[in-house]
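If you want the building blocks of each chain, they are given just below.
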Amino acid sequence: MKQMQTLTQAAHTQAAHTQGHGQAHEKASETGAPKDGAAPRTRKVFVKTYGCQMNVYDSERMSDALFKDGYQKTDNPEDADLLLLNTCHIREKAAEKVYSELGRIRQLKEALAEQGRELMVGVAGCVAQAEGQEIIRRAPIVDVVIGPQTYHRLPQAIARARLGEKVVDTDYAVEDKFEHLPKADKKTISSRGVSAFLTVQEGCDKFCTFCVVPYTRGSEVSRSVQQIEREAQSLVDAGVREITLLGQNVNAWHGHGADGREWGLGELLRLLCGIDGLERLRYTTSHPRDMDEALIDAHRDLDKVMPYLHLPVQAGSDRVLKAMNRRHTAQDYLRLIERIRAARPDIALSGDFIVGFPGETDADFEETIQLVEKVRYAQAFSFKYSPRPGTPGADRDDHVPEDIKAKRLERLQKLLRQHQVEFAENCIGKTIDLLLEKPGREPGQLIGRSPWLQPVIVDAKPSQIGDIIKVRITRTGTNSLYADCV
Ligand code: SAH
Ligand code: SF4
Ligand code: F3S
């Protein structure tokens, strides 16, 4: 079915924009109980993930829960009994994509119904949380709407929907979701690769005036040291070599330790470095206000903590930063960068930018350009401001015209791209450690990640996936580097 091609293709590209970890979809099948002596059939789930890495992690957890319920995954939406969209609400485009996808899914659902097959449709994630019942009103083919805080109840919600109920479950759960989620088995973890995500913190109390996250993900919650350590160990036992700790505000993590104290992220990294077989640690996304001394020290002292930091600043003008409620100035940010670079001179910095926040003038935008010139990011993401219903920014009456936003974005992206290329070119001739992650496009090639998170292509054998090898960077590609083994 032609319309479904879009569904599968897009699944590989839309999630995890900030790190390019590509496991953007998870699929699963269920061994349904035989009805009146009919042969048991295996139910299958297709999961498509939009948005940030946390959604990738959540999709994996929802899949794990469904696998325990008997489902298997499928890569083919036409073969699915359950189609799950894990959605993102961050910008209008992201949210609208979900509805166009649901339009295509309606056709598939109808076509399958003609063949006597039932397709359940679930919407999870941040659009589910933000819009709830409204999703079913706009797209009546949806059977289940489930929020990020309640997805451990997904199997029950699907079971209810199979009996004909439309289920909307977006309450904030009182129970600990993580305690209720089944653990993935070794085989499933291994199938996901040698680099894994681990959510340590969820939600946000910062309320930047442009952002929906505090509303869709709720207030800040940190998982305990013990829970995190246990999950990290089980990932490593299954062959994972690199873990990226996730949180909407990961460096605000302050989890309970077994010693009764509250720990900080720097301390947590130190502990995780002690796990044998775990070779690399990363974390994302950080807020400048929560970048404390212990975390900066971790970058100086711990070899396993990779020299890469995603530290969004959003804008370079103090007036705009104040209007955004970022609670730091451009100067605070630059001073912080200086301290981080003093601790770890080779660190690759990454960031996020919003252009055209309401009231942003040409002069304000110039300050963003100046900040970028000063920092020289190894990589960065930039967006046109998108007014989000319910956020204070959306209610302002001084919105910047779209054409001006577009012009500013183009200029900013050109500069960011230039710095990214310079950073990559500076790597030529360097000998680095490369964690081999997956086969490359050409036979005989593998792709790995440099310490600075760049994809690196090298000639190596598939049996080497999971190894960390020494390579010499020889040249740059469009978005990757090429290297020779040394
Ligand atoms: N927790 C992260 C941000 C998560 S959202 C942090 O605090 O940095 C990822 C990025 O999307 C943000 O950094 C911001 O640059 C962008 N973003 C968020 N809301 C937006 C909006 N309304 N319009 C455009 N970009 C937005
Ligand atoms: Fe959104 Fe700001 Fe919280 Fe980041 S810190 S999630 S941008 S409100
Ligand atoms: Fe999107 Fe929700 Fe992540 S809005 S960016 S999926 S936290």
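The present account deals with the structure reproduced in this document. Predicted, not measured: the structure shown is a model, and the values here were computed from it. (Residues numbered from 1 in each chain as written. Chains lettered and ligands numbered in written order. Predicted model: local features only at pLDDT ≥ 70, side-chain atom pairs only at ≥ 80, totals over all residues. Heavy atoms only, no water.)

Regarding its fold elements, the protein chain presents 16 helices and 19 strands. A compact globule built from 486 residues would reach a C-alpha radius of gyration of about 23 Å, and the protein chain, at 23 Å, matches this within 12%. Considering only C-alpha atoms, the protein chain reaches an extent of 70 × 60 × 50 Å along its principal axes. The burial tally for the protein chain puts 56% of its 486 residues in the buried class. In the protein chain, 67 positive and 70 negative side-chain charges are present, and the distance between their average locations comes to 3 Å. (Helix = DSSP H or I, 4+ residues; strand = E, 2+ residues; numbered from the N terminus. Rg over C-alpha atoms; globule rule 2.2 N^0.38 Å. Buried < 20%, exposed > 50% of the residue type's maximum accessible area, 1.4 Å probe, protein only. Lys, Arg positive; Asp, Glu negative; His and termini not counted. Charge placed at Lys NZ, Arg CZ, Asp CG, Glu CD.)

What follows is about the pairing of strand E19 (residues 481–485). Two strands pair when backbone bridges link them, and strand E17 (residues 455–459) and E19 are joined in this way by 2 bridges, in the parallel orientation. Considered in E19, the bridge of Ile 457 is made with Tyr 482. Strand direction decides the pairing type here: strand E18 (residues 468–476) and E19, joined by 5 bridges, are antiparallel. Of the residues in E19, the one forming a bridge with Arg 475 is Tyr 482. (Pairing = 2+ DSSP bridges.)

Attention shifts here to the pattern of salt bridges. The final tally for this structure, using the stated rule, is 39 salt bridges. A salt bridge links Asp 58 to Arg 217, with the shortest nitrogen-to-oxygen separation between them at 2.9 Å. Residue Asp 58 is found in helix H2 (residues 53–68), and its partner Arg 217 is found in the loop between helix H9 (213–216) and strand E9 (221–222); the two are separated by 159 residues along the sequence. With respect to burial, Asp 58 and Arg 217 carry one shared label: buried. The shortest N-O distance in the salt bridge between Arg 280 and Glu 242 comes to 3.8 Å. On the criterion of sequence distance, the pair formed by Arg 280 in strand E11 (residues 280–284) and Glu 242 in strand E10 (residues 242–246) is long-range, its members being 38 residues apart. Given a relative accessible area of 2%, Arg 280 falls into the buried group. Among the charged side chains, a network of salt bridges with common partners joins Asp 58, Lys 177, Glu 202 and Arg 217. (Salt bridge = Lys/Arg side-chain N within 4 Å of Asp/Glu carboxyl O.)

In short, the description is geometric, and any link to function would need to be established separately.
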